Amino acid sequence: MADGDTDIPKMSHPLELPEFKCGAMEGLEPYIASPDHQTALGFPGELVPDWKEKTIEKMGELAEKNRAFKVYLDICVKCGSCTDKCHYYLGTGDPKNMPVARQDLLRSVYRRYFTFAGKYFPWLVGARDLTEEILHEWYSYYHQCSECRRCSVFCPYGIDTAEITMAARDILAHVGIGMKYSNEIIGKVHQIGNNLGLPAKALGATLEDLEEDIEDETGVSVRIPLDVKGADILLITPSADFFAEPHIDGLLGYAKVFHEAGVSWTVSSYASEAANFGMFIGNYEQMRKISLRIRKAAQDLGVKRIVFGECGHAWRVAYSFLNTLAGPFDFLDQNYPVPQHILDFTWNEIEKGTLKFDKSKNDHYRMTYHDSCNVARATRIGDYPGSQFEIPRNVIRAVCNNYFDMPRETTHESTLCCGGGGGLLTDDLMDLRLKGSSPRMTALQQVTEEHGVTHMAASCAICKTQFSKVMPKFGYEMDSIVSVHQLVSNALILKGQDGYDDDNQDEDENTNNTDLGE
Amino acid sequence: MLGIIYALLFYVATLLLVVGLAFKIYTYARIPAPLKIPTTPAPITRFGVVLRMLREVVFFESLFKSNKWIWAFGWVFHMSMWLVLIRHIRYFTKDVWWWVEIAQPFGTYAGLAMILALGGLLARRFLVNRVRYISNPSDYLMLLLLIGIGVSGASMRFVAHTDIIAVKAYMLGLTRLQIGYLPADINLLAHLGLVALLMIIFPISKLLHAPGIFFSPTRNQVDNPREKRHLAPWAAKLEK
């Protein structure tokens with residue numbers, strides 16, 4: 001769908017309720033995976049002849065293997081608490097984008113085949129016979145959910161639509177209807193090691209170029225090491241950090257911080273990807289296979305620590321799932337979190353005083369921060385609950401003079417998704433992405449009006465790409481979205497860089513004077 | 001005759017309720033949660049999780065954050081229902097326990113509050129288009145059933161008294177497997193019949209939210225995935 005025909009809603013505030021537009025997003029389908037992309041992941045190439053039996057069988061299997069799936073399908077009371085919480089509902093007005101309505105697309109079929117009421121009184125509980133049309137309805141609406149979990153925060157039972165979405169996508173892939181964007185990318189990770197399909201040689205060349213960029217800018221030689229055995233830290237970062245803007249500027253920030261901290265670190269060409277789209281397609285085995293690359297890289301390189309770069313869902317998989325999928329990590333240094341978030345690392349260095357900043361370097365920015373959904377609602381960054389909100393803000397405030405939060409009902413655990421998460425960051429869903437971003441963009445416009453905010457920082461590769469695409473539609477330059485570590489990089493003054501010794505010289509002189517006085 | 005029909009009804013209803021609920025709880029407990037998925041910020045200790053769960057089931061914390069109308073109706077209904085249930089314990093014990101005695105006056109008015117709150121929830125189902133859209137016939141009927149229980153019950157207190165001494169004797173008898181005399185008042189028979197129906201459908205309906213919430217991984221998991229390895233039995237087999 002072309003960008004031009006998207007009817008972006010005009011919202012007076014970020015959570016404004018839309019008029020019902022029944023069927024507004026009916027039939028929207030991202031490209032279906034080709035047989036090659038399907039079979040590469042062990043899924044059937046196309047819709048299997050016995051799709052009905054296979055769908056029900058897979059549904060039953062998931063209900064046996066995943067407590068969340070079973071419990072959440074059973075216990076919803078249809079109270080309506082979640083109905084106004086989804087950014088895609090707010091942006092599209094399509095009632096099937098209300099979280100409970102989205103769940104019901106699958107729940108209605110589950111009830112028909114797995115519950116007493118649905119088997120004998122289907123009309124009473126809205127149970128439906130499975131049809132091929134329903135499979136396509138699932139494919140459409142379960143790809144209008146970014147698995148952001150905002151609904152689960154507000155559900156009195158914590159029902160998480162993301163769990164249902166993941167299960168639905170898993171079921172669909174198992175009967176032959178996989179999603180091209182995600183499955184193609186997962187295939188590349190298995191084959192090459194990253195979402196881009198960037199081979200080791202090209203990656204090495206890219207990193208060398210970036211080293212030159214830093215040296216040109218600062219006059220200091222900062223290394224971005226690749227495949228260095230015996231390094232202390234393995235950096236796992238989304239591959240977008242190697243090539244996309246503003247992601248690269250974040251990578252430069254990590255490199256400078258590591259350099260100043262004086263630690264030895266390396267990137268791995270084998271596990272050159274933090275992203276794990278296995279989560280998006282709801283497939284445990286795929287997610288595990290991708291995670292095991294990280295374990296292998298850490299063992300092969302003999303590192304002591306693993307640090308993850310800025311990425312939302314990747315951090316969810318890293319923080320919440322990595323120990324489960326690829327652990328135990330008893331071969332790493334247990335004095336550090338396994339894995340650690342780059343913002344945690346940087347904030348620790350700031351607190352230790354090892355980093356020297358010139359905050360005025362960011363004075364051309366008036367900043368706000370977008371809490372990425374997976375970081376906000378599925379992880380911690382530091383060692384206490386809520387550190388996922390505080391540490392990014394602490395870091396930004398340490399390197400910027402002008403910081404303003406967006407309205408509270410759109411930040412922290414109530415944050416709004418960027419509109420492109422959960423495997424929806426594909427051009428064939430641009431219409432949905434624009435509409436889904438409008439609540440967040442409206443919140444941003446509010447702080448622009450009130451505080452003159454010019455830029456928004458995010459610590460997620462998908463958020464960054466999504467915003468750089470959609471921001472121009474809302475009156476911002478595409479570079480109004482920045483990496484948190486880009487701000488760090490701007491303000492950080494390296495040892496040996498012009499200006500580094502300014503304060504120290506003063507101190508030295510003072511010391512000398514005192515000495516002389518004595 | 002009436003006494004025998006209702007006795008059978010209650011024995012069957014109790015059996016279905018207890019066995020059905022036990023089976024569902026066993027099922028929820030048996031099925032593993034393969035991944036750590038607490039909605040964060042989440043407690044990092046088991047005790048913290050207990051407190052989180054208490055806040056959810058006593059104060060409906062998440063619902064309060066979400067929607068004040070649903071919270072108000074829902075919370076008043078549930079808390080009134082507890083008072084009403086406590087008040088009803090007197091019909092099943094020979095001597096009335098002291099704390100049941102204390103709840104007695106509150107329980108009476110809680111019955112009215114319960115009916116009003118249920119009316120509010122029902123009105124939302126009709127009036128709010130988002131809630132109307134997601135409602136099935138069973139969702140309306142469930143509220144009507146509860147309202148029916150409330151109204152028939154309150155009618156015996158405020159409109160037409162039944163022979164409550166006889167009812168208590170009948171209920172006490174049932175607990176001792178003795179079937180006695182049940183007054184043939186229409187509001188009493190409606191009340192008891194609807195309660196039995198509620199007990200029967202409890203384990204096969206959305207009323208499962210009551211035990212279910214305790215098994216909700218987003219609410220009952222400790223946020224410590226890095227510190228403690230979490231592994232489902234079926235997932236452990238993949239490692240072999």
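Rules of the game
Residues numbered from 1 in each chain as written. Chains lettered and ligands numbered in written order. Predicted model: local features only at pLDDT ≥ 70, side-chain atom pairs only at ≥ 80, totals over all residues. Helix = DSSP H or I, 4+ residues; strand = E, 2+ residues; numbered from the N terminus. Buried ≥ 20, exposed ≤ 12 C-beta atoms within 10 Å, placed from the backbone. Contact = placed C-beta atoms within 7 Å. Nonpolar A, V, L, I, M, F, W, Y, C, P; charged D, E, K, R; others polar. Domains from an automatic or database assignment. Core = buried A, V, L, I, M, F, W, Y, C linked by C-beta atoms within 7 Å. Pairing = 2+ DSSP bridges. Axes fitted to C-alpha atoms, helices over the stretch in contact; angles between N-to-C directions. Parallel < 35°, antiparallel > 145°, perpendicular 65-115°, else oblique. pLDDT = per-residue confidence, 0-100. Right-handed = clockwise from strand over helix to strand, strands pointing away. Left-handed = near helix turned anticlockwise from the far one by under 90°.

Student: Just give me the short version of the overall build of chain B, but keep the residues and values in it.
Tutor: Across its full length, chain B carries 12 helices and zero strands. Listed N to C, the secondary structure of chain B is α-α-α-α-α-α-α-α-α-α-α-α in terms of helices and strands. Reported as C-alpha extents along the three principal axes, the dimensions of chain B are approximately 65 × 40 × 40 Å. Expressed as a percentage of the 240 residues in chain B, the buried residues total 33%.

Student: Residue-level account of the interface of chain B and chain A, with values.
Tutor: Listed per partner, the contact involves 56 residues of chain B and 58 residues of chain A. Counting only elements with at least two residues in the side of chain B that touches chain A, the list comes to helix H3 (61-66), helix H4 (68-88), helix H6 (129-134), helix H7 (137-158), helix H10 (209-212), helix H11 (217-220) and helix H12 (233-238) of chain B. It is H6 of chain B that provides the largest number of residues to the side of chain B that touches chain A, a total of five residues. Among the residues making up the side of chain B that touches chain A, the classes are represented as 29 nonpolar, 16 polar and 11 charged.

Student: Kindly report on the domain arrangement of chain A, identifying the contributing residues and their values.
Tutor: It is common to give the size of an interface as the accessible area that goes away when the parts come together. All names here are of chain A. Assigned domains within chain A: domain 1 (15-178) and domain 2 (186-491). On a C-alpha basis, the centroid separation for the pair domain 1 and domain 2 is 30 Å. Opposite the 27 residues of domain 1 that make contact, domain 2 presents 28 residues. Contributions of two or more residues to the side of domain 1 that touches domain 2 are made by helix H1 (35-40), helix H4 (87-92), helix H9 (150-154) and helix H10 (161-174). Of the residues belonging to the side of domain 1 that touches domain 2, the class tally is 15 nonpolar, seven polar and five charged.

Student: Lay out the nonpolar core with the relevant residues and their values.
Tutor: Tyr 72, Leu 234, Ile 306, Phe 308, Ile 396, Ala 457 and Leu 487 of chain A are the most contacted members of the largest nonpolar core, which totals 182 residues. A domain split of this core shows at least three residues from each of domain 1 (15-178) and domain 2 (186-491) of chain A. With near-sequence residues (within four places) excluded, Tyr 72 of chain A lies in contact with Ile 159, Asp 160, Glu 163 and Ile 164 of chain A. Ala 13, Val 167, Leu 192 and Ala 196 of chain B belong to the second largest nonpolar core, which has 11 residues in total.

Student: Please set out helix H20 (residues 461-470) of chain A residue by residue, giving values where relevant.
Tutor: Since there are 3.6 residues in each turn of an α-helix, residues three or four apart along the chain are aligned in direction. Residue and element names in this part refer to chain A. H20 sits mainly inside the fold: 10 of its 10 residues count as buried. Along H20, the positions that sit buried rather than exposed are Ala 461, Ile 462, Cys 463, Lys 464, Thr 465, Gln 466, Phe 467, Ser 468, Lys 469 and Val 470. Along its buried surface, H20 packs onto helix H13 (247-261), helix H15 (312-326), strand E5 (367-370), helix H19 (430-451), strand E6 (455-458) and strand E7 (481-483).

Student: Which residues make up the sheet that holds E5 of chain A, and what values do they have?
Tutor: Residues and elements named next belong to chain A. With parallel pairing, three strands are arranged side by side in an open sheet as E5-E6-E7. With one partner strand each, in any of the chains shown, E5 and E7 form the two edges of the open sheet. Neighbour-to-neighbour, the strand axes of the sheet open up by a mean angle of 40°, direction not taken into account. As defined by bridge partners, E6 adjoins E7 across three bridges and the pair is classed as parallel. Opposite Met 456, over in E7, you have Ile 481 as the bridge partner.

Student: Can you tell me about the packing of helix H14 (residues 284-301) of chain A against H15 of chain A, naming the residues and giving the values?
Tutor: All names here are of chain A. Look at H14 against H15: their axes get within 9 Å of each other, and the N-to-C directions meet at 90°. When the axis of H14 is compared with that of H15, the two are roughly perpendicular. Here H14 contributes Met 287, Arg 288, Ser 291, Leu 292, Ile 294 and Arg 295 to the contact with H15, which in turn contributes Val 317, Phe 321, Leu 322, Leu 325 and Ala 326. Taken together, the residues that form the contact of H14 with H15 break down as eight nonpolar, one polar and two charged.

Student: Break down the environment of Leu 9 of chain B for me, with residues and values.
Tutor: Structurally, Leu 9 of chain B is set in helix H1 (residues 2-30). In sequence terms Leu 9 of chain B and Asp 223 of chain B are 214 residues apart; their C-alpha atoms lie 46 Å from each other.

Student: Can you lay out the confidence of the model for chain A for me, pointing to particular residues and giving the numbers?
Tutor: Per-residue confidence for chain A averages 95 on the pLDDT scale, and 96% of its residues sit at or above 70. Scored below 50 in pLDDT, residues 505-518 of chain A makes zero contacts in the model with residues more than four places away or belonging to other chains.

Student: An account of the pairing of strand E1 (residues 233-236) of chain A is needed here, citing residue identities and associated values.
Tutor: Residue and element names in this part refer to chain A. Because side chains alternate across E1, one face comprises the buried residues Ile 233 and Leu 235, and the other comprises Leu 234 and Ile 236, equally buried. What joins E1 to strand E2 (residues 265-267) is H13, and the crossover it makes is right-handed. Bridge analysis of E1 against strand E3 (residues 305-308) gives four bridges, and the strand direction is parallel. Bridge assignment links Leu 234 to a residue of E3, and that residue is Ile 306.

Student: Please give an account of the sheet that holds strand E4 (residues 340-341) of chain A that cites residues and values.
Tutor: All names here are of chain A. Strand order in this open sheet of four strands is E2-E1-E3-E4, and the pairing throughout is parallel. Both edges of this open sheet fall to E2 and E4, since each of them pairs with a single strand only. With two bridges connecting them, E3 and E4 associate as parallel partners. Bridging across to E4, Val 307 finds its partner in Gln 340.

Student: So what about unusual backbone geometry? Which residues, and what values?
Tutor: Here Val 338 of chain A and Pro 339 of chain A are connected by a cis peptide whose omega angle stands at -10°. On the secondary structure map, Pro 339 of chain A appears in the loop between H15 and E4. Along the chain, Thr 40 of chain B connects to Pro 41 of chain B via a cis peptide bond; the corresponding omega equals 0°. In this structure, Pro 41 of chain B sits in the loop between H1 and helix H2 (46-59). If you check the backbone angles, His 412 of chain A has positive phi at about 50° while not being a glycine.

Student: Any chance you could break down the environment of Asn 490 of chain A for me, citing the residues and the numbers?
Tutor: All names here are of chain A. By the element assignment, Asn 490 lies in helix H21 (residues 484-491). Sequence separation of Asn 490 and Lys 361 is 129 residues, and the distance between their C-alpha atoms is 6.1 Å. Those residues in contact with Asn 490, other than ones at most four positions away along the chain, are Lys 361 and Asn 362.

Student: Tell me what's going on with the packing of H7 of chain B against helix H9 (residues 186-201) of chain B, and back it up with residues and numbers.
Tutor: Residues and elements named next belong to chain B. H9 packs onto H7 with a crossing angle of 150° between their chain directions and a minimal axis gap of 8 Å. Taken as a pair, H7 and H9 cross one another with a handedness that is left-handed. On H9, the residues that touch Leu 145, Gly 148, Ile 149, Ser 152, Gly 153, Ser 155 and Met 156 of H7 are Asn 187, Leu 188, Ala 190, His 191, Leu 194, Val 195, Leu 197 and Leu 198. Classifying every residue of the contact of H7 with H9 by side-chain character gives nine nonpolar, six polar and no charged.

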